[in-house]
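# Observations on the model geometry
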Amino acid sequence: MSSTDTLTEAPESVRGDHFIEIDTDGPIPNNVALSSDKQLQRALETWRPKYLDWWGDMGPEGFQNAEVYLRTAVGVDPTGWAKFGYVKMPDYRWGVLLAPKVEGRVIPFGRHKGEPAWQEVPGEYRATLRRLLVVQGDTEPASVEQQRYLGATAPSLYDMRNLFQVNVEEGRHLWAIVYLLVKYFGKDGREEAQALLERRSGQQDNPRILGAFNERTPDWLSFFMFTYFTDRDGKMQLAALAESGFDPLSRTCRFMLTEEAHHMFVGETGVQRTIEATCAAMNKAGIKDPSDVEAIRSLGVVDLPLLQRKANFHMSVTRDLFGSEISSNAAESFSAGLKGRFNEAKLEGDDHVLADATYPVARVVDGKLVEERVPALRSINSRLLDDYIKDCQGGIDRWNKVIEKAGVAFKFTQPHKGFNRRIGEFAGKRIGPAGEVLTEAQWQAESGAWLPNDADMTFIDSLMKPCHEAGKYASWIAPPRVGINSQTGDFEYVKIA
Ligand SMILES: [Fe+2]
Ligand SMILES: [Fe+2]
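Given the structure is predicted, the values throughout are model-derived calculations rather than measurements.

## What about unusual backbone geometry?
Unlike most non-glycine residues, A33 shows phi in positive territory, near 50°. Look at A33 and you get exposed, because 10 C-beta atoms sit within 10 Å. Its identity as a non-glycine residue notwithstanding, N343 has a phi of 60°, on the positive side. Assignment of secondary structure puts N343 in the loop between helix 9 (328–335) and strand 3 (358–365).

## Things to note about the sheet that holds strand 2 (residues 83–88)
Strand order in this open sheet of 3 strands is 2-1-5, and the pairing throughout is antiparallel. In this open sheet, the two strands that pair with only one neighbour each are strand 2 and strand 5 (494–495). Bridge analysis of strand 1 (residues 67–72) against strand 2 gives 6 bridges, and the strand direction is antiparallel. Opposite Y69, over in strand 2, you have Y86 as the bridge partner. Sheet strands touched by helix 3 (residues 157–184): strand 1 and strand 5. Its angle to strand 1, the strand with the most contacts, is close to 50°.

## Brief notes about helix 1 (residues 38–58)
Helix length check: helix 1, at 21 residues, gives a terminal C-alpha distance of 30 Å against a target of 30 Å (1.5 Å per residue), a fit within 8%. At R48, helix 1 shows its strongest bend, of approximately 25°, with the proline P49 following within four residues. Listed as buried for helix 1 are A43, L44, W47 and W55. Where helix 1 is buried, its residues contact helix 3 and helix 4 (186–196).

Cut-off values and rules
Residues numbered from 1 in each chain as written. Chains lettered and ligands numbered in written order. Predicted model: local features only at pLDDT ≥ 70, side-chain atom pairs only at ≥ 80, totals over all residues. Buried ≥ 20, exposed ≤ 12 C-beta atoms within 10 Å, placed from the backbone. Helix = DSSP H or I, 4+ residues; strand = E, 2+ residues; numbered from the N terminus. Pairing = 2+ DSSP bridges. Contact = placed C-beta atoms within 7 Å. Axes fitted to C-alpha atoms, helices over the stretch in contact; angles between N-to-C directions. Expected span 1.5 Å × (residues − 1). Bend = angle between axes of the 7 residues up to and from the residue.

It is worth stressing that arrangement in space is one thing and function is another; only the former is reported here.
Quick look at the structure:
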């Protein structure tokens, strides 16, 4: 685990000097003095029942009456995370929580660099900012919709609880964005807040905005890969928005990042525990070859090459979420001071304006992979994608250590950036995992070895049997090393109604 992926610890960025108490009196817990802004309060109280209807329709199927051992934020400093208790999900205290204001904060990049951060939306950037919010906001309910059937096949109550924790927090992320829309964008913002409850993941006539959020999350391996790889896109986008010159957005995103860290923890440890179960079963049965698929699958565990194919799929669709590597929209969002680079304020070695800087972008030219220097402003997306790929490696290295320790000869790798892409520089190109430029015929012949095939999905499906007894785990996944909030092994994380 990296320091930002731990369960209860908040990243440095949210640690203010002062503890900010959350007002929990009204129906909407908040630390934004909601009761002193009647118009905003009314707008959010009008939206709330519609949100609850959406949660009822699209939230976790079949477990709305279950008592779930959830963590609820009662403060926005690290100790504010201490509150654990049984809650029925529809009673979860969704609210509006911002990281503490940093006095004297200035815009860290772009043409307004050094000016005081904006407390109101600058008129000339209104449309761009609204679009950024809507695109981010749309991903939050989308993932809840994608994951809504997973409770039924949970491999343990511990995992089921983690799924529901992620789901309620994605719901809170929607609240976070809706707060900004409703408070700062008037009637337009209220309409967008409504539309966020109307689009549906995977629906033909009114789908979610981004591709990966319309894919199915049909099984628990998909869920763990999604929370490791796709929630990490969330982390990168939120981190870039946390640099924003629009201070309320920055503060909102800084707090959301603390929740995102837990989602990636669920993904990383979920995959790791799957690997542990596989290696232990292989060793017990005396199977040395990780590609002895039939023998390994007969033990009720997932072969490592299949996990690699699953990872390949999730990595490639998530990389598409970064948009075109070369983008004039991204250049404008940066220059305007709305969306920065990863760790913008801490970056050394350039002027944060980037008027004359360049950045190396991988492209396919005349059938060959080349690296071209492109104006840095136009390659902001490319850079964020590169930072994302680096950020993914930590967990992969830790998975590989587990395999090595078990004495199994297998290593997870990240496929080339251009592998299986639909958006950006590599759209319409066929690139193999090692970065080889392929013909369509070569791709068709080989891609079944690189991406989950029908037989893989049928096998995974056969493993997805519920294990809903306290302290018990499905064959394909090892128990966690520590319980949530240090609970013991047989703790009943979900009391199913
Ligand atoms: Fe989120
Ligand atoms: Fe998330």
